[in-house]
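Chain residues, written in single-letter form:
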Amino acid sequence: MAKRIDGKALAAKVKEQVRTEAAELRREAGLAVILVGENPASKVYVAGKEKDCAECGIRSFSHKLPEETTQEELLALIQTLNDDPAVDGILCQLPLPKHLDEEAVINAIRPDKDVDCFHPFNVGRMVIGEPVFLPCTPAGVMEMLKEYEIPIRGKRCVVLGRSNIVGKPMSMLLTQADGTVTTCHSRTEDLAAITREADILVSAIGKTRFVTADMVKEGAVVIDVAMNRDENGKLCGDVDFAAVEPKASYITPVPGGVGPMTRAMLMRNILTAAQNHQA
């Protein structure tokens, strides 16, 4: 039976470290959060991030904009926040309403305030192994592997998903930690044969119970990044948890696994930005 990786407990530990270091800054660290429209899930995520900021001693500046906000208005707000010395990080909650250009918005955020690590400058720095920030979810996964002393060097690692937010950076960070990485996606042939080779399997595709027991090697470490809803509306991941848990050596639950760590690593990025601005 697998040992469950407690993301909630580790996130509390990370946030306490952030709170301690944030208290030593010459001024409070500040995060500006932009929410455009009334997406219910986005509103929940933003509220959670504002709560985390309060716990870590970080000021949060909330900018809630109507659905009909224009591209020009949004970019003007971002420029104002770029120029505001009280703001160390800028987070524009995605997805945006369809009439807005997400790529242009991401590129408009100043790289030193891009605490999500979405800007091409920060992605490039991460790729060459000289990061300013790390993407929050992949960084959270790496922190979990470190905390539980799960070795990566020389291990076969399989990442399901190739998104810019999770899949691609996850593969890159595992590679930099000396894992031998295969990135799988919707066009991958004979997927189960590949996943059965994985010592560390990371799933980030957003399909409920997609990863079944026959896809997992005995003793594998299984990291479930996804946040899905099952047929009863219950929060779940990509992994058929009940079936896979007996085969794995370590496994992350959903909820209580990667999710809390994503939020905690955002707090760490904000702290890093503030420290850099006050250096």
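A brief report on the enclosed structure follows. (Residues numbered from 1 in each chain as written. Predicted model: local features only at pLDDT ≥ 70, side-chain atom pairs only at ≥ 80, totals over all residues. Heavy atoms only, no water.)

Turning our attention to helix H10 (residues 258–277). Its 20 residues place the ends of H10 29 Å apart at the C-alpha level, agreeing with the 28 Å of an ideal helix rising 1.5 Å per residue. For H10, the set of buried residues is Val258, Met261, Ala264, Met265, Leu266, Met267, Asn269, Ile270, Leu271, Ala273 and Ala274. (Helix = DSSP H or I, 4+ residues; strand = E, 2+ residues; numbered from the N terminus. Expected span 1.5 Å × (residues − 1). Buried < 20%, exposed > 50% of the residue type's maximum accessible area, 1.4 Å probe, protein only.)

Below, the discussion takes up the sheet that holds strand S6 (residues 180–184). Spatially, six strands are ordered S1-S11-S8-S7-S5-S6 in an open sheet, and the strand pairing comes out parallel. Because the sheet does not close on itself, it has two edges, and the strands there are strand S1 (3–4) and S6. Relative to strand S8 (residues 221–224), strand S7 (residues 200–203) is paired through four bridges, and the arrangement is parallel. Bridging from a neighbouring strand, serine 203 pairs with aspartate 224 of S8. (Pairing = 2+ DSSP bridges.)

Once that is clear, we can look at the side chain of histidine 119. Relative to the helices and strands, histidine 119 is located in the loop between helix H4 (102–108) and helix H5 (120–127). When residues no more than four places from it in sequence are discounted, the contact partners of histidine 119 are Ile106, Asn107, Ile109, Pro111 and Asp114. (Contact = heavy atoms within 4.5 Å.)

Next up on the list: the sheet that holds strand S3 (residues 59–65). The strand order across the open sheet built from three strands is S3-S2-S4, with neighbouring strands paired in parallel fashion. In this open sheet, the two edge strands, each paired with only one partner strand, are S3 and strand S4 (89–92). Pairwise comparison of adjacent strand axes, ignoring direction, gives a mean angle of 15° for this sheet. Relative to S4, strand S2 (residues 30–36) runs parallel, the two sharing four bridges. Of the residues in S4, the one forming a bridge with alanine 32 is isoleucine 90. Contacting S2, S3 and S4, helix H3 (residues 71–83) crosses the sheet at an angle of about 175° to S2. (Axes fitted to C-alpha atoms, helices over the stretch in contact; angles between N-to-C directions.)

All told, the structure shown has one aromatic pair when counted by the stated rule. Pairing tyrosine 148 with tyrosine 250 gives two aromatic rings, centres 6.1 Å apart and planes at 75°, and the pair type is edge-to-face. Taken together, the positions of tyrosine 148 in the loop between helix H6 (136–147) and strand S5 (156–160) and tyrosine 250 in strand S11 (residues 250–251) put the pair 102 residues apart, joining distant regions of the chain. The exposure class of tyrosine 250 is partly exposed, given its relative accessible area of 22%. (Phe/Tyr/Trp six-rings, centres within 6.5 Å; stacked < 30°, edge-to-face > 60°.)

Turning our attention to the state of the cysteines. Summed over the entire model, instances satisfying the criterion amount to zero disulfides. Considering cysteine sulfurs only, cysteine 184 is the nearest to cysteine 157, which forms no disulfide, with 12 Å between them. Cysteine 157 gets classed as buried once you look at its relative accessible area, which sits at 1%. (Disulfide = S-S within 2.5 Å.)

Look at the link from leucine 94 to proline 95: it is a cis peptide, with omega at 5°. Turning to its location among the elements, proline 95 is positioned in the loop between S4 and H4. Look at the link from valine 254 to proline 255: it is a cis peptide, with omega at 0°. The residue proline 255 is located in the loop between S11 and H10 in this model. We note that cysteine 117 has phi near 60°; this positive angle belongs to a residue other than glycine. Structurally, the position occupied by cysteine 117 is in the loop between H4 and H5. Residue cysteine 117 is classed as buried on the basis of its relative accessible area of 3%. Its identity is not glycine, yet glutamate 149 carries a phi of approximately 55°, on the positive side. Considering the arrangement of structural elements, one finds glutamate 149 in the loop between H6 and S5. Of the residues examined, glutamate 149 reaches a relative accessible area of 70% and is grouped as exposed.

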